[in-house]
Amino acid sequence: MDLDWSFLTSFGLMLFIAVGYYWKKHHGIPDGPRGLPFLGFAPFFGPNPQDTFLALKQKYGKLFSMYMGRQLTIVLNDYEAIKAAYVGQADIFTGRAKGFVFEFITRGEDGETHGLGMLEGERWKNTRRFMLSTFRDLGMGKARIQDRILLEAECLNETIAQSNGEPYDPFSALSAAVANVICTLCWGRRYDASDKVFQQILVNNGVVAEYLAQAGPLLSYPVLRFVPGKLKQGWERFVEVIRSTKAFQKAIIEEHKKEYQGDEPRDYIDAFFKQQRKVGTEEENRIFRDIELETNIRGFFGAGTETTTVTLYWAMLYMAHYSDIQKKIQREIDGALDAGRSVTVEDRANLPYMEAVCREIQRCANVTPFGVLRANTEETTLMGYRIPKRCFIMPNFLAVNRDPKLWEEPNEFRPERFLDKSGKLFEPPYFMPFSIGKRACVGESLARMEIFLMFANVLQRFDIYPDASFPLPSVDSYTTSISCRPLPYKVRFCPRNQ
Ligand code: HEM
């Protein structure tokens, strides 16, 4: 048989180029699970991705690589690896993973992505600096914001009281309380829980959170959104919700524009207008365009409401499971405060056990088990491995929170681990529910204050009991939306006899 030498030569050349390309891309990177062509490892995450990733840590150690669709992803599996990247090489690992769906949410009519959560480089730095200083001026970490949170805590208690000790799911009430804090900070307005517009914003927020958790396949293959059936329906609903949320935020900004006279800012939007009126450099002017404002307030609302609500939802569930711990907190509160007064931030120093319980709930609940994906903006070497430019970076916070080298009996719910021998609060550096480094959560101090004040004031006023007709879900079961939520539950909130 005659050999077709020209075919063989072309084939050999193509093979050589393909192998060369593969080698160039993959040499020196961490090992990891193989996955399938085009789909990567995503189909193997399974119904409990948390268990899958804990098992992968056992197999591969500190870090491993995998493909999600076509995207090379590096998973950082322990405290040392996360610290080496996020703190040790902070400037390189502060990029944000870009994916089709997040880009869709944050893309303006100019075709660019906007908003703190997605920006990079100087624009990200300047936006973040402005956000932090504005929230500080508006009272973050001060008495002014405490008053707003206490008002919402009071309304939350009133709503809970209306359940009259009957089995009750507190999710909506918690969500309204937490969302109102952000609404007041961002656009100076709070809503009654029965307000139809407010209810719609909360429903929309839930739809977006749920959709984002399932949107993995669109990351590499956006075309899948047109496939008839579940994918297409989900996408269409999501687009509709995003459109109506954008329209709502635009209307709020326009309303503010009419009212704003250049006075002392009442909220984030006013502070932004004030900054817009200052003549700045070209770069400064770029980050003070309306599109940035609109994307940011939507981002703060989305990022701040779901995570904080879900943490408080876990907190109530844990209390129904651990009545002895609940009683211990209540004894501490009763001993530290005069009767009839609400718990405030000033009481924190006298409530170390309460503070320890808040931290243990965050450690055990793992509301953001894999953080928010980042990207490395340059090729680099991490712990001896080559990390090609613009990998997705996934911190496995769950594995840190379950690491037996860091926590004694990590699977136990044991708040005392956050107290030192003299009973004072002790927070180790590897406790990082808000991530670490230059791009850690900007809402950390606000969230901590909300969790402490709302949780403590509910426990001061109510005993939380399970009800035999509504068996409690286990604290080990969860559903994954954009954060990790407990399964829905009902408990009884009974007014305490102090
Ligand atoms: C319990 C509550 C919260 C948790 C567990 C949480 C967790 C996180 C985490 C893990 C990140 C990713 C950081 C990284 O890239 O490494 C993040 C980012 C972010 N969070 Fe939070 N967060 C919470 C509350 C809030 C609140 C109340 C706000 C309100 C403004 C907020 C706004 C943001 C924003 C804007 C980012 C993006 C920051 C950036 O890219 O520079 N978060 N959060």
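Because the structure is a prediction, the values reported are computed rather than measured. (Residues numbered from 1 in each chain as written. Predicted model: local features only at pLDDT ≥ 70, side-chain atom pairs only at ≥ 80, totals over all residues. Heavy atoms only, no water.)

Below, the discussion takes up the coordination of the iron atom of the ligand. On the protein, Cys441 (SG) is the one donor atom to the iron atom of the ligand, at 2.3 Å. Locating Cys441 in the fold gives a position in the loop between α16 (397-401) and α17 (444-461). (Donors = N, O, S within 2.8 Å, 3.2 Å for Na, K, Ca; no water. Helix = DSSP H or I, 4+ residues; strand = E, 2+ residues; numbered from the N terminus.)

With that settled, consider the packing of helix α13 (residues 290-321) against helix α15 (residues 352-365). The geometry of α13 relative to α15 is characterised by a closest axis approach of 10 Å and an angle of 105° between their N-to-C directions. Taken together, α13 and α15 sit at an angle that is classed as roughly perpendicular. Across from Thr311, Trp314, Ala315, Tyr318 and Met319 in α13, the residues of α15 making contact are Val357, Ile361, Gln362, Cys364 and Ala365. Across the contact of α13 with α15, the residue classes break down as eight nonpolar, two polar and no charged. (Axes fitted to C-alpha atoms, helices over the stretch in contact; angles between N-to-C directions. Parallel < 35°, antiparallel > 145°, perpendicular 65-115°, else oblique. Contact = heavy atoms within 4.5 Å. Nonpolar A, V, L, I, M, F, W, Y, C, P; charged D, E, K, R; others polar.)

Glancing now at helix α14 (residues 323-336). Taking 1.5 Å per residue, 14 residues should reach 20 Å; α14 reaches 20 Å between its end C-alpha atoms and fits that length. Among the residues of α14, those classed as buried are Ile325, Gln326, Ile329, Gln330, Glu332 and Ile333. Around the axis of α14, the buried residues are gathered within 160° of arc, so they sit on the same side. Exposed side of α14, more than 90 degrees from the buried face: Asp324, Arg331 and Gly335 are the residues found there. (Expected span 1.5 Å × (residues − 1). Buried < 20%, exposed > 50% of the residue type's maximum accessible area, 1.4 Å probe, protein only. Arc of directions from axis to C-beta.)

A few words now on the side chain of Arg485. Structurally, Arg485 can be placed in strand β10 (residues 484-485). Reaching out from Arg485, the side chain makes a polar contact with the side chain of Glu306 at a distance of 3.2 Å. Discounting residues that sit within four places of it in the chain, Arg485 has contacts with Phe171, Glu306, Val310, Trp314, Tyr478 and Thr479. (Polar contact = N/O pair within 3.5 Å; in protein donor to acceptor, adjacent residues only side chain to side chain.)

In terms of nonpolar packing, the biggest core is built from 117 residues, with Leu76, Trp187, Trp314 and Phe455 touching the most fellow members. The biggest single contributor to this core is α13, with 14 residues. With 15 residues, the next largest nonpolar core counts Val101, Val207, Phe238 and Val241 among its residues. (Core = buried A, V, L, I, M, F, W, Y, C linked by side-chain atoms within 4.5 Å.)

Turning our attention to the packing of aromatic side chains. Throughout the structure, instances matching the rule amount to 36 aromatic pairs. Seen in terms of ring centroids, Phe41 and Phe45 are 6.0 Å apart; in terms of plane orientation they differ by 55°. Their pairing is tilted. Pair check on accessibility: Phe41 and Phe45 agree, each one buried. Summarising the aromatic geometry, the rings of Phe130 and Phe288 are spaced 4.9 Å apart at their centres and angled 80° between planes, so their arrangement reads as edge-to-face. Here Phe130 is found in helix α5 (residues 121-137), whereas its partner Phe288 is found in the loop between α12 (282-287) and α13, with 158 residues between them in sequence. The two residues Phe130 and Phe288 agree in class, both being buried. Pairwise contacts between aromatic rings join Phe41, Phe44, Phe45, Phe53, Tyr60, Phe64 and Phe370 into one cluster. Residue placement shows Lys246 over the ring face of Phe104; its charged tip is 5.9 Å from the ring centre. (Phe/Tyr/Trp six-rings, centres within 6.5 Å; stacked < 30°, edge-to-face > 60°. Lys NZ or Arg CZ within 6 Å of the ring centre and 35° of its normal.)

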